[in-house]
Amino acid sequence: MDAVWGIPLTLFYLAVLVWLVRRWKHFSHESLPKNLITVFLLYKVLLGVCLSLIYIYYYQARADADIFKYFDDSYHMTRALWEKPGDFFKMLFGIGNDTDHFTQEYYSKMNHWFRRYETQVYNDNHTMIRLNAALRLLSFGYFHVHELFFSFISFVGIMSFYKGFTLFTNENKHKILAFALFLFPSLNFWSAGALKESVLIFCLGNIFYAVCLLVQRKINVRYTILALVSLIVALFLKSYALAALAAGL
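Keep in mind the model is a prediction, meaning the values are calculated, not measured. Here the residue numbering is sequential within each chain, running from 1 through the sequence in written order. Where local features are concerned, this predicted model is filtered to residues with pLDDT of at least 70; where side-chain atom pairs are given and counted, the filter is 80 or more; whole-chain, interface and lining totals use all residues. As a rule here, side-chain values cover all heavy atoms of the structure and leave hydrogens and water aside.

This part is about the overall build of the protein chain. Looking only at helices and strands, the protein chain features 12 helices and 0 strands. Helix numbering and strand numbering both begin at the N terminus, where a helix is a DSSP run of H or I of at least 4 residues and a strand a DSSP run of E of at least 2. Moving toward the C terminus, one meets the helices and strands of the protein chain in the order α-α-α-α-α-α-α-α-α-α-α-α. Against the 2.2 N^0.38 benchmark of 18 Å for 249 residues, the protein chain shows a C-alpha radius of gyration of 19 Å, consistent with a compact globule. Seen through its principal axes, the protein chain has C-alpha atoms that stretch 60 × 40 × 30 Å. Only protein chains enter the area calculation, which uses a 1.4 Å probe; residues under 20% of their type maximum are buried, those over 50% are exposed, and those in between are partly exposed. For the protein chain, with 249 residues in total, the buried portion stands at 49%. Note on contacts: a residue pair qualifies if any of its non-hydrogen atoms lie within 4.5 Å across the two residues. Taking contacts inside the protein chain between residues at least 6 apart in sequence as the whole, the part at least 24 apart equals 68%. C-alpha atoms define the radius of gyration, and 2.2 Å times the number of residues to the power 0.38 defines the globule rule.

Structure follows, in structure tokens:
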């Protein structure tokens, strides 16, 4: 999809996400008005645009640019949906996909499915390529839609961190905490694009909030399930970051 259709599509999804923020209970907190949360979201999206511009005009080797390399590789996985749907779902869910057929037809055409030096740690490139392949079903191949959704999921994670921290802080400090989390430059900038950090913030925030609720003896089934899903995703993304969080928890 070219920019003629891609920009309106991105703006449409942005409107949907703004509506979701204003309606979803996860973004409800007595210390934060909905208008302020919406401003925080738009700030996050703006940082995502800035991040893309840096990678476009400063890091010009697209094949090595973190925000593009998983997106570009995901094309070869998604094209299987129209040619051989069975292959697509096997690759997407990692079922019976480690054969010569998949290597020759798809993986050999990707730049980052295989690592130069394999280790015993799971290759988290696979996770990012799969996420981008799934998102292509909504984006129709337009990158800025991916950028928008990755920014949003990290925004969900930051909200989870905020709600967790508020359980242990005085109410008169909640606004300060909100500005510290939602406007903190490096935290928000590097989790505002199609990067592993965006997904990681989502996962760690949800796990953190679920544990905080557990400590407060406020069991919430929905957040417990979300934390378990986040735990599984984190294990296939950056398990060492999860181990670091576990010590603190």
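A few words on the environment of Val39. Relative to the elements of secondary structure, Val39 occurs in helix α2 (residues 34–57). The exposure class of Val39 is partly exposed, given its relative accessible area of 48%. Along the backbone, Val39 and Leu135 are 96 residues apart, and their C-alpha atoms lie at a distance of 25 Å.

The next subject is the pattern of salt bridges. Any Lys or Arg side-chain nitrogen found within 4 Å of a carboxyl oxygen on Asp or Glu counts as a salt bridge. The full count for this structure, using the stated rule, is 3 salt bridges. One salt bridge in this structure joins Arg79 and Glu83, with 3.1 Å as the shortest N-O distance. Taken together, the positions of Arg79 and Glu83, both in helix α3 (residues 66–83) and 4 residues apart, correspond to about one turn of that helix. We classify Arg79 as buried; its relative accessible area is 14%.

Glancing now at the confidence of the model for the protein chain. A residue's pLDDT is the predictor's confidence in that residue, given on a scale from 0 to 100. The pLDDT averaged across the protein chain works out to 89; a share of 98% of its residues lies at or above 70. Confidence, expressed as mean pLDDT per element, reaches its minimum in the protein chain at helix α12 (residues 239–248) with 83 and its maximum at helix α7 (residues 143–166) with 94.

With that out of the way, let us pick up the nonpolar core. Counting residues in hydrophobic clusters, the biggest one holds 71 residues, and the most contacted among them are Phe27, Leu32, Met77, Phe155, Tyr162 and Phe182. Ranked by the residues each element gives to this core, the list is headed by α7, at 12 residues. Setting aside its immediate chain neighbours within four residues, Leu32 contacts Ile37, Phe40, Met159, Tyr162, Lys175, Ala178 and Phe182. We define a nonpolar core as any set of buried Ala, Val, Leu, Ile, Met, Phe, Trp, Tyr and Cys residues linked to one another through side-chain atoms lying within 4.5 Å.

So, on to the side chain of His146. Along the polypeptide, His146 turns up in helix α7. By relative accessible area, which is 0% here, His146 ends up buried. Contacts of His146, omitting those with residues within four sequence positions, involve Phe71, Asn132, Leu135, Arg136 and Ser139.

What follows covers the packing of α2 against helix α8 (residues 174–182). Lines fitted to C-alpha atoms define the axes, with helix axes restricted to the stretch in contact, and inter-axis angles between N-to-C directions lie between 0 and 180 degrees. Running from N to C, α2 and α8 point in directions that differ by 15°, and their axes come no closer than 11 Å. It follows from the interaxial angle that α2 and α8 lie roughly parallel. Here α2 runs over α8; the crossing is right-handed. Of the residues in α8, those touching α2 at Leu36, Phe40 and Tyr43 are Lys175, Ala178, Phe179 and Phe182. Taken together, the residues that form the contact of α2 with α8 break down as 6 nonpolar, no polar and 1 charged. Angle categories: roughly parallel below 35 degrees, roughly antiparallel above 145, roughly perpendicular from 65 to 115, and oblique for all the rest. Handedness of a crossing is defined here by the sense of rotation of the near helix relative to the far one, left-handed for an anticlockwise turn of less than a right angle and right-handed for a clockwise turn. Here the nonpolar group is Ala, Val, Leu, Ile, Met, Phe, Trp, Tyr, Cys and Pro; Asp, Glu, Lys and Arg are the charged ones; every other residue, Gly included, is treated as polar.

With that settled, the discussion passes to the packing of helix α10 (residues 196–215) against α12. Following both chains from N to C, one finds α10 and α12 inclined at 25°, their axes separated by 11 Å at the closest point. When the axes of α10 and α12 are compared, the pair comes out roughly parallel. α10 and α12 meet at a crossing whose hand is right-handed. Seen from α10, the contacting residues are Leu200, Leu204 and Ile207; seen from α12, they are Ala241, Leu242 and Leu245.

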